[in-house]
Amino acid sequence: MPVFSCGGMRYQFKWQDVPFQDIPAENQENLEATIHRALELGINHIETARGYGTSEMQLGNILPRLPREKMIVP
């Protein structure tokens, strides 16, 4: 387990479930910028949980576009 992780509790749009299309573009852009910056800093553990509202859905939207080699370290 890494010493530092990027926690998803605070970058989500809402605590309640909402359709992805209801998430403001600025909020999703902030989430994406947060994840990209974490990866730039060498943080490769991105944490989220079902109880974090839209966090999982928003993160799931960008995971396919992230560089796996920076996230999965042997």
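The rules we used
Residues numbered from 1 in each chain as written. Predicted model: local features only at pLDDT ≥ 70, side-chain atom pairs only at ≥ 80, totals over all residues. Heavy atoms only, no water. Core = buried A, V, L, I, M, F, W, Y, C linked by side-chain atoms within 4.5 Å. Buried < 20%, exposed > 50% of the residue type's maximum accessible area, 1.4 Å probe, protein only. Helix = DSSP H or I, 4+ residues; strand = E, 2+ residues; numbered from the N terminus. Contact = heavy atoms within 4.5 Å. Salt bridge = Lys/Arg side-chain N within 4 Å of Asp/Glu carboxyl O. Expected span 1.5 Å × (residues − 1). Arc of directions from axis to C-beta.

What is the right way to read the nonpolar core from this model?
As a rule of thumb, soluble globular proteins bury nonpolar side chains together. In terms of nonpolar packing, the biggest core is built from 11 residues, these being Cys6, Tyr11, Leu31, Ile35, Ala38, Leu39, Ile43, Ile46, Leu59, Ile62 and Leu66. Within the residue set of this core, elements represented by two or more residues are helix H1 (25-40) and helix H2 (55-62). Beyond its immediate chain neighbours, meaning those up to four positions away, Ile35 contacts Cys6, Tyr11, Ile46, Leu59, Ile62 and Leu66.

I would appreciate a short explanation of the pattern of salt bridges in the present structure.
Side chains that differ in charge, positive against negative, can pair when their charged atoms come close. The tally for this structure, following the rule as stated, stands at three salt bridges. The partner of Glu32 in a salt bridge is Arg65, with the nearest N and O atoms 3.5 Å apart. Highlighted residues: Glu32 in helix H1 and Arg65 in the loop between H2 and helix H3 (68-71), separated in sequence by 33 residues. Between Glu40 and Arg37 there is a salt bridge, with its nearest N and O atoms 3.1 Å apart. Highlighted residues: Glu40 and Arg37, both in helix H1, separated by three residues, approximately one helical turn.

Teacher, can you tell me more about the environment of Asn30 here?
Inspection of the secondary structure puts Asn30 in helix H1. Note on Asn30: relative accessible area 42%, which makes it partly exposed. Between the C-alpha atom of Asn30 and that of Phe13, which follows or precedes it by 17 residues, the distance is 10.0 Å.

Is there a simple way to explain the environment of Met9 in this structure?
With respect to the helices and strands, the residue Met9 is situated in the loop between strand E1 (6-7) and H1. The class for Met9 is partly exposed, based on a relative accessible area of 30%. Between the C-alpha atoms of Met9 and Ser55, which are 46 residues apart in sequence, the distance is 6.9 Å. Setting aside anything within four residues of it in sequence, one finds Met9 in contact with Trp15 and Tyr52.

I keep staring at H1 and nothing clicks. Help me out?
In an α-helix, one turn spans 3.6 residues, which is why side chains three or four residues apart end up on the same side. Given a rise of 1.5 Å per residue, 16 residues ought to cover 22 Å, and the 22 Å separating the end C-alpha atoms of H1 matches this to within 8%. All of the buried residues in H1 are Asn27, Gln28, Leu31, Glu32, Ile35, Ala38 and Leu39. When H1 is viewed along its axis, its buried side chains cluster within an angular range of 135° and face the same direction. Turned more than 90 degrees off the buried face of H1, the exposed positions are Glu26, Glu29 and Glu40. Note on H1: the residue one or two positions beyond its end, Gly42, has a positive phi of about 90°.

Read these as layout, nothing more, since geometry by itself doesn't imply function.
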